[in-house]
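Below are the chains, spelled out letter by letter.
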Protein chains: 2
Amino acid sequence: MAEVATARRSRITPEREAELYAAVLDILREVGYDALTMDAVATRTRSSKATLYRQWGGKPQLVVVALRHQKRLHLAEVDTGSLRGDFHTILNREDDCQMEQNSALFRGLAMAVHTDPELLSAFRELLVDPELAELDLIIRRAVERGEVRADNPALGFVPHMLIGAFVARGLIDERPPTQAFLASYVDSVILPALGV
Amino acid sequence: MAEVATARRSRITPEREAELYAAVLDILREVGYDALTMDAVATRTRSSKATLYRQWGGKPQLVVVALRHQKRLHLAEVDTGSLRGDFHTILNREDDCQMEQNSALFRGLAMAVHTDPELLSAFRELLVDPELAELDLIIRRAVERGEVRADNPALGFVPHMLIGAFVARGLIDERPPTQAFLASYVDSVILPALGV
């Protein structure tokens, strides 16, 4: 997926691409998904709308790729040698301030997804599915190392545990998740459930 | 909480109260929270708006109490003698069809909560806090029975695990949670994390 996307955008430098994604996320934070227009992105980034559409296909794809791009560390690159090390490295991808900003962004998008099938499909294809596949790799390596039994019934629930911790923190405690909260959740819930 | 609410609504029979709550949830499903008006509730239930305001205080309170009322079995009544039994009884409060309907209702409300402080506070006071307190009772009984160690670090995360399972199911698997899914999550994640 990352290769395909890069090839398609070959005429844009990585710096320019990063600048553009940052502008998209700024606009998203300012006005929300529904009010974000390709016109506004074109103006703010001094690009032509034709270029934006040619390179990204449309608003849903551009927004989702921008969201994915800000996670500078891809899960696939995480391989510390222990499952606990891998999980804690993943949590450190974002500091508490970024996590707070991203909670708000994702909450806004979660609403839009329910009324916009094109956004839902971009969200799944360009963000959720690649992250789940990479998370699966991390788990499979832990099984191969003998850290987790291959028949542990919690294996299929790792994404639910992780995403659940993020979402439930906001619902129950009315604050965004912090690194300390998530680290404690990993050590107290996820690793014990996996028998680590 | 339940006692106070009942006293305040003493002139309404329980049957009438149940009928009224059912109508509120019907309208909520049809038009969503933002478009639900006290006028519509008054018309549909052949009540006066003055009665509705006197008995419930306003739209946020009425909607949240209606949501709580449909959970016919209160958590506080659950006491099977084992934590596993208690959790499975809680899951059986709603069949799969009700769970699907309720996922949609709660998703709609979760959006409204972020822009309506009065709804947020009704949601917490009349629904979330009482359920958390009752869940806490169930957990404390398990600790007193010796099923769970009092210093188990997962104890503080039980609500996050439970709510996370509900929410993440929709996000990751794009379907509402079912009893089978949640029962498996309880047995594979929550009980092992608690050392049961």
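The rules behind these values
- Residues numbered from 1 in each chain as written.
- Chains lettered and ligands numbered in written order.
- Predicted model: local features only at pLDDT ≥ 70, side-chain atom pairs only at ≥ 80, totals over all residues.
- Heavy atoms only, no water.
- Domains from an automatic or database assignment.
- Contact = heavy atoms within 4.5 Å.
- Buried area = accessible area lost by both parts, 1.4 Å probe.
- Helix = DSSP H or I, 4+ residues; strand = E, 2+ residues; numbered from the N terminus.
- Nonpolar A, V, L, I, M, F, W, Y, C, P; charged D, E, K, R; others polar.
- Core = buried A, V, L, I, M, F, W, Y, C linked by side-chain atoms within 4.5 Å.
- Buried < 20%, exposed > 50% of the residue type's maximum accessible area, 1.4 Å probe, protein only.
- Salt bridge = Lys/Arg side-chain N within 4 Å of Asp/Glu carboxyl O.
- Polar contact = N/O pair within 3.5 Å; in protein donor to acceptor, adjacent residues only side chain to side chain.
- pLDDT = per-residue confidence, 0-100.
- Expected span 1.5 Å × (residues − 1).
- Bend = angle between axes of the 7 residues up to and from the residue.
- Phe/Tyr/Trp six-rings, centres within 6.5 Å; stacked < 30°, edge-to-face > 60°.
- Lys NZ or Arg CZ within 6 Å of the ring centre and 35° of its normal.

S.K.: Help me out: how do you make sense of the domain arrangement of chain A in this one?
M.R.: Interfaces are frequently sized by the accessible area removed from exposure as the parts join. Residues and elements named next belong to chain A. One can read the domain layout of chain A as domain 1 (1-66) and domain 2 (71-196). Counting residues at the interface gives 11 residues for domain 1, matched by 13 residues for domain 2. Summing both sides of the interface, domain 1 and domain 2 together bury roughly 1,100 Å²; the carbon and sulfur share of this comes to 78%. Among the elements of the structure, helix 2 (14-31) and helix 5 (59-70) are those that each provide at least two residues to the side of domain 1 that touches domain 2. It is helix 5 that contributes the most residues to the side of domain 1 that touches domain 2, five residues altogether. Considered class by class, the residues forming the side of domain 1 that touches domain 2 number eight nonpolar, one polar and two charged.

S.K.: Mind showing me how you'd approach the nonpolar core here?
M.R.: One recurring pattern in soluble globular proteins is that nonpolar side chains are buried together. Core analysis: the largest hydrophobic core is formed by 57 residues, its most contacted members being Phe87(A), Met161(A), Val189(A), Phe87(B), Met161(B) and Val189(B). Other than its neighbours up to four places away in sequence, Met161(A) contacts Ala154(A), Tyr185(A), Val189(A), Ile190(A), Ala193(A), Tyr185(B) and Val189(B).

S.K.: When you look at the interface of chain A and chain B in this model, what are you seeing that I'm missing?
M.R.: Tallying the contact residues gives 28 residues for chain A and 28 residues for chain B. Interface of chain A and chain B: buried area, both sides summed, is about 2,600 Å²; carbon and sulfur atoms make up 73% of it. Linking chain A with chain B are zero salt bridges. Counting across the chain A and chain B interface gives two residue pairs in polar contact (both at pLDDT 80 or more).

S.K.: Would you explain the pattern of salt bridges in this entry?
M.R.: Any two side chains of opposite charge can pair if their charged atoms end up close together. All names here are of chain A. This model, assessed by the stated rule, comprises 26 salt bridges over all chains. Between Arg124 and Asp129 there is a salt bridge, and its shortest N-O distance comes to 3.1 Å. Residue Arg124 is classed as buried on the basis of its relative accessible area of 17%. Taking the relative accessible area as the measure of exposure, Asp129 reaches 35% and is therefore partly exposed. Through salt bridges with shared partners, a single network forms among Arg68, Arg93, Glu131 and Glu134.

S.K.: Is there a simple way to explain the confidence of the model for chain A in this structure?
M.R.: All names here are of chain A. Per-residue confidence for chain A averages 87 on the pLDDT scale, and 94% of its residues sit at or above 70. Mean pLDDT per element in chain A: helix 1 (residues 2-8) is the minimum at 46, and helix 3 (residues 38-45) is the maximum at 96. The low-confidence segment residues 1-7 (pLDDT under 50) makes two contacts with residues lying over four places distant or belonging to another chain. Interface confidence for the predicted complex, given as ipTM, is 0.80, next to a pTM of 0.82.

S.K.: Quick question: what am I supposed to make of helix 9 (residues 158-173) of chain B here?
M.R.: Since the α-helix packs 3.6 residues into each turn, any two residues three or four apart lie on the same face. For helix 9 of chain B, which comprises 16 residues, the first-to-last C-alpha distance of 22 Å matches the rise-based estimate of 22 Å (1.5 Å per residue) to within 8%. Largest kink in helix 9 of chain B: about 30 degrees, centred on Val167(B). Buried residues of helix 9 of chain B: Val158(B), Pro159(B), His160(B), Met161(B), Leu162(B), Gly164(B), Ala165(B), Ala168(B), Arg169(B) and Ile172(B), and no others. Buried residues belonging to helix 9 of chain B abut helix 8 (117-144), helix 9 (158-173) and helix 10 (179-193) of chain A together with helix 6 (83-91), helix 8 (117-144) and helix 10 (179-193) of chain B. Downstream of helix 9 of chain B by one or two residues, Glu174(B) has phi in the positive range, about 50 degrees.

S.K.: Help me understand the packing of aromatic side chains, please; the structure alone is not making it clear to me.
M.R.: Two aromatic rings, taken as a pair, are described by how far apart their centres are and by the angle between their planes. Evaluated as defined, the whole model comprises eight aromatic pairs over all chains. For the ring pair Phe157(A) and Tyr185(B), a centre distance of 5.2 Å and an interplane angle of 80 degrees mean the geometry is edge-to-face. Taken together, the positions of Phe157(A) in the loop between helix 8 and helix 9 and Tyr185(B) in helix 10 put the pair across two chains. The buried category is assigned to Phe157(A), whose relative accessible area is 8%. When its relative accessible area of 1% is taken as the criterion, Tyr185(B) is described as buried. Residues Phe181(A) and Phe157(B) carry aromatic rings whose centres are separated by 5.6 Å and whose planes lie at 70 degrees to one another, so their mutual orientation is edge-to-face. Here the residue Phe181(A) occupies a position in helix 10, and Phe157(B) occupies one in the loop between helix 8 and helix 9, the pair thus bridging two chains. These aromatic residues form a ring-pair network of at least three members: Phe157(A), Phe181(B) and Tyr185(B). The ring of Tyr33(A) carries the charged tip of Lys59(A) above its face, separated from the ring centre by 4.3 Å.

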